[in-house]
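Okay, here's what each chain looks like letter by letter:
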Amino acid sequence: MQNVSKEYNGNPVLKDVNFTLKQGEVLGLVGENGAGKSTLMNILFGMDVIHQTGGYGGKVLIDGKEVKFASPLDALKAGIGMVHQEFSLLPGFTAAENILLNREPENKSVLSLVFGSRANTLDRKELQKKAIEAITKLGVSLDPDMLVSEMPVGHKQFTEISREISKSSIRLLVLDEPTAVLSEKEAEMLLKAIKNLSAQGISVIFITHRLQEILDVCDKVIVMRDGRIITELDAEKTSIPEMARLMVGREVNAGHAQTKSEERPLSENIVLSIKNLWVDMPGETVKNVNLDVHQGEFLGIGGLAGQGKIGIPNGIMGLYPAGGHVMLNGSEIALNNPRACLDASLAFVSEDRRGVGLLLDESLEWNIAFPAMQIQNKFLKQYLGGLIKWRDQAAIKDITDKYINQLQIKCTSSKQRAKELSGGNQQKICLAKAFALQPKLLFVSEPTRGIDIGAKALVLKALREYNRQNGVTIVMISSELEELRQCCDRIAIVTDGAISGILPASTPSEDFGILMVGKTHKEAE
Amino acid sequence: MKKDFNAKEFAINNIVPIIFIVLCIVCLPIAGYSGQYLLSQIITRIMRNSFLVLSLLIPIMAGMGLNFGMTLGAMAGQIGIIFITAWNVVGIPGLLLAAIIATPIAVLLGWFCGKMLNMAKGREMITSYMISFFMNGVYQLVVLYGMGPVIPIHSDQVILPRGYGVRNTIDLINVRQSVDTFWQIQIFGVNIPVLTIILIALLCIVIVWFRRTKLGQDMRAVGQDMEVAREAGIKVERTRILAIVISTVFAAYGMLLYLSNMGTLNTYNSHSQIGMFSIAALLVGGASVSKASIKNVFLGIVLFHLMFILTPQAGKNLMGQAQIGEYFRVFVSYGVITLALVLYEIRTRREKAESAKTLANLQKEGAKA
C-alpha cells in the first residue's frame, strides 16, 4: 500500500500510510483504538463505508499492479479474505455449510438449463470433502457436521477462518482481533494455525491488542498512531514495552500488581452474599456460585473465557435467567428483576457497551443522567407535589461535564452523540453513568475489553480511585489477570461455572493460573 | 417421569393441531355424517386447496414468514379465468390458457410485492397483508371499471348488463372439474381425481427438489441471517424477490385448480378469502412463522376443512341453525392465525428459558448429592 490516505467528513483519519507484505509473511498490526487500523483494512477490503464517504487517496498494489476494489467481493476475487471481530455465521447451518456458503459445489441437472444455474442441486458429498480439506489446512479439530448454534466460541472462530481459507485463490488473510473472544487454549491453537497458514504461503495481517501474540507469531510489526504508521519493527527484535510505548506515544506505566504491603484489611461486614447462584447466559453459564463480598473491598473475578465469570453480574442484575439466593446487606434481592437490583443500589457496567451500556443515538448528557433520572428521580425538578416532573437540564449538564473532566472523556461537547465516540471513551461514559447512580456496590464487567492501552490505564485508575476514595464496593470481572492484580484486593477465579478459589491479589500469577485450569490449591501442591 | 415430560412438551409444541383434533372429535358425532361422505369431502378439499397452501412454503423458507401476499397470485389466477370464460375456451386447454395469462401477471405482482417487502425487512407479514388490501383495490378498479371499456371483454356471461364491469359471480361451466374428471377412478365409492393428485404430487416433488438446489440453500441462508448471506455474496434482495415471485405464481396456479374444482368464481371475494383460509390451514397443520413442511400442509388441510364440514351441520343439529357453523369458521380462522403468531413468540422465549431450567435442576441434584 502506498501513500494511502482517507478522510471522514473532512477529518483525516489516515495519512500517508505505506507498507509492503511478502508472500507467507505474518504482519502484526497494532495501535490504539482510533489509530486507523480498521479504516486501513476497510480500504484494503473495498468495504462500502469507504465509497460512501468519498473513497480514499493513494494506491493499493498487489503483485505490483494497482487494484481498486469496488466491493468486498472484488477483494475476495483477488484473494483477500477477512475475518471480522463479529462472527458472520449462520446458526442453523453446519460448519461445512458455513465454510462453503455461496460457494457450494453443485450438480448440474436438466432443469438448470431451463431455470439457470441456481436450479442446480448441491453436491453434499463434495461439500463435506472440501470443508474437511479447509479444516485440515488450518490444522484444527472441528466437526464439519456440527451446527454453528451448538458450537463453543473457539470453534465458531475456526469455522470463520476455514471459510476464508477454503477459497482457492486465498493469498492474504486479515484477522481482526481473532483472539479477543477466545480462551487461552483456543488462542494458542489459533496462533499455531496462523503459523501453519504462513508456512503454506498465505500472508496474514494480524490485528490484536494482545502484544504477546504478536511476538509469538508475527514476522514484522507495524505500529499505528493517529492515522500514521509510526514504525515498522522486526518482531524478533522488539518487546512488549517497546511496542506499547510506540503505540501510545508515551511511556506507559504498565502498572504493577499489588504487593503485600499495599494490602488493606478486609472489613468484617459482608455486603453481598451469593448462594447457589445459577445463570443461563449462553456461552457463559454459571452453575453454582457461592461468594461473599466484603464492605468496601475491590473484588476481582477472573477465569478463562466461557467459564461463567461474565454470567455472574449479568445473572444478579437480572439480564439473564438466574436462580439461587443473593443477599445485599442481609436482605434478599429478587432475581430476574433488573429494577429490584437497581433500587437496591446495585449498579452494573456491562461488557456489552454498545448493546446494553449505551443509548447510542443519544447525547452524552442523556446517557449519563438517564438511569439516575429513571431510577432515583435525580436531575428532576418537581412541580405540583411531584405530579409534574421536568428534567433539570442544568444539573444534567453539570454532572456530565464533571465526569467528562474527571475521566478525561474525549468529545466535542456533552451534547455529542454516544456512538460517535471511540470504544475507550464509550467505556468511560458507561462508568460515568454507573457513578452517577451513586451505587453501594458496583459490578464492572470487562471494562477494558476492546479498548487500547492508554484508555485502559485511565479506566482502571478511575475505578480504583472510586473504590478507594468513595468507599464503594466494586466487583470487577475481567479476562486479564494482570489487570485484576493491579486494582483488586482479592481475586476470585471462576472455573466451570463455580468459584474455584479466592486469593489475595498479591499472590503470584502462577497460583491463579492453577486455579483457572480447575485445580484447587491443595491438589496442585 | 421422563415420558410425562416429553408428552407435555409434545402437547405444547403442537397445541394448535391438538385443539383442532379435539374439536373435530367433539363435532363428529353431533354432525352425524357417514364415513364415506366425510372421506369424499376431505379428498375434494385436499384437491382444491393443497396447491394453494403449498405455495406458502417457499417464503417461509426464505425467512419472510407467512405470505399474505399470496392473494396477489389468486387475483392473477382469477383474471386468467375471467378471460377464458369470456373467450369461451373450454376444458383443460382453457385452464392452460388461463395459466399462460395468469403467469406474467403473477410474476409482475410478485416482483412488486417482493420489492416492497425488501423495503420493510423484518415486518414482511404485516406489509404483505397491507399490500394485498391495496392491490385488492387495484384489482377491483380493473375488474369493475376496466373490463369492458379499456380491456375488450364483451361476453354477456361475464360482463354486467350495464356494459362494463365483471359480474359478482361467474359460472365457470367451461372448466368446472375439468382436471378432476379428466381421469377419475372410484375406490370404495369415493371418486379419486388422479390427474389432480399427480399435479399436487409433482408440486410436492418440486418443493423437495427446490430445497436441495442452490437457490433453495441461498434462501435458507437468507432466512437465517441476511447480513451474513450478503457478505458471502448471495444476492439477498434478489433471492427474497424470487421467493415471493415463485410463491405468487404457484398461488395463481393453485387458484386455477381451486376455481375449476369449485365451478364458480366469486369475483370480488374469492381471493381475499382464500389467502386467509390457506394460511390458517397451514398453521392448523402445526407450521409456524419460521418453519413449515409438506406434512404440515396436508395435516392442516385435513383438520381445518374437516372442521369446516362438521361445524355447520353440528351447529344445525345443536341450535337448529347452520349459520352458527358458518360464523364459527371465519372466527376460528382469524383465531388460529392470531394464536399461531402469539405462540411463535412464546415458543421462542420458552426455548431460551429451557436451558435455564436444566441448570436449576442440575443444581438441585447437586445439592442432594
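Above this text sits the structure in question.
So, here's what we can say about the structure. From a predicted model like this one, the values you see are computed outputs, not experimental measurements.

1. Some remarks on the overall build of chain B
Here is step 1: Regarding its fold elements, chain B presents 15 helices and four strands.
Here is step 2: Taking 2.2 N^0.38 as the reference for a compact globule, 369 residues should give roughly 21 Å; the C-alpha atoms of chain B span a radius of gyration of 22 Å, in line with that estimate.
Here is step 3: Of the contacts formed within chain B by residues at least 6 apart in sequence, a portion of 73% connects residues at least 24 apart.

2. Brief notes about the nonpolar core
Here is step 1: Counting 169 residues, the largest nonpolar core has Val204 and Phe206 of chain A together with Ala102 and Leu256 of chain B as the members making the most contacts within it.
Here is step 2: With 17 residues, the single largest contributor to this core is helix H12 (residues 236-262) of chain B.
Here is step 3: When residues of this core are assigned to domains, at least three map to each of domain 1 (1-79 + 170-252) and domain 2 (90-168) of chain A.
Here is step 4: Discounting chain neighbours no more than four positions away, the residues touching Leu256 of chain B are Gly77, Gly80, Ile81, Leu95, Ala98, Ala99 and Ala102 of chain B.
Here is step 5: Core analysis: the next-biggest nonpolar cluster, separate from the first, contains 79 residues, Met281, Met317, Ala436 and Ile491 of chain A among them.

3. Regarding unusual backbone geometry
Here is step 1: One non-glycine residue, Glu446 of chain A, lies in the positive phi region at around 45°.
Here is step 2: Mapping Glu446 of chain A onto the fold places it in the loop between strand E21 (441-445) and helix H17 (453-470).
Here is step 3: Judged by the 22 C-beta atoms lying within 10 Å of it, Glu446 of chain A is buried.
Here is step 4: At Gln177 of chain B, a residue that is not glycine, the phi angle is positive and equals roughly 55°.
Here is step 5: Tracing the chain through its elements places Gln177 of chain B in the loop between strand E1 (169-171) and helix H8 (178-182).

4. Looking at the sheet that holds strand E16 (residues 322-328) of chain A
Here is step 1: With antiparallel pairing, four strands are arranged side by side in an open sheet as E14-E13-E16-E17 (chain A). Since the sheet does not close on itself, it has two edges, and those belong to strand E14 (286-294) and strand E17 (331-332) of chain A, each with one partner.

5. Points about helix H8 (residues 184-199) of chain A
Residues and elements named next belong to chain A.
Here is step 1: The end-to-end C-alpha separation of H8 is 23 Å, in line with the 22 Å expected for 16 residues at 1.5 Å each.
Here is step 2: Glu186, Ala187, Leu190, Leu191, Ala193, Ile194, Leu197 and Ser198 are the residues of H8 that are buried. Taken end-on, H8 shows its buried residues confined to a sector of 160°, consistent with a single buried face. Along H8, the residues that are exposed and aim more than 90 degrees away from the buried face are Lys185 and Ala199.

Here is what the cut-offs are and how they apply
Residues numbered from 1 in each chain as written. Chains lettered and ligands numbered in written order. Predicted model: local features only at pLDDT ≥ 70, side-chain atom pairs only at ≥ 80, totals over all residues. Helix = DSSP H or I, 4+ residues; strand = E, 2+ residues; numbered from the N terminus. Rg over C-alpha atoms; globule rule 2.2 N^0.38 Å. Contact = placed C-beta atoms within 7 Å. Core = buried A, V, L, I, M, F, W, Y, C linked by C-beta atoms within 7 Å. Buried ≥ 20, exposed ≤ 12 C-beta atoms within 10 Å, placed from the backbone. Domains from an automatic or database assignment. Pairing = 2+ DSSP bridges. Expected span 1.5 Å × (residues − 1). Arc of directions from axis to C-beta.

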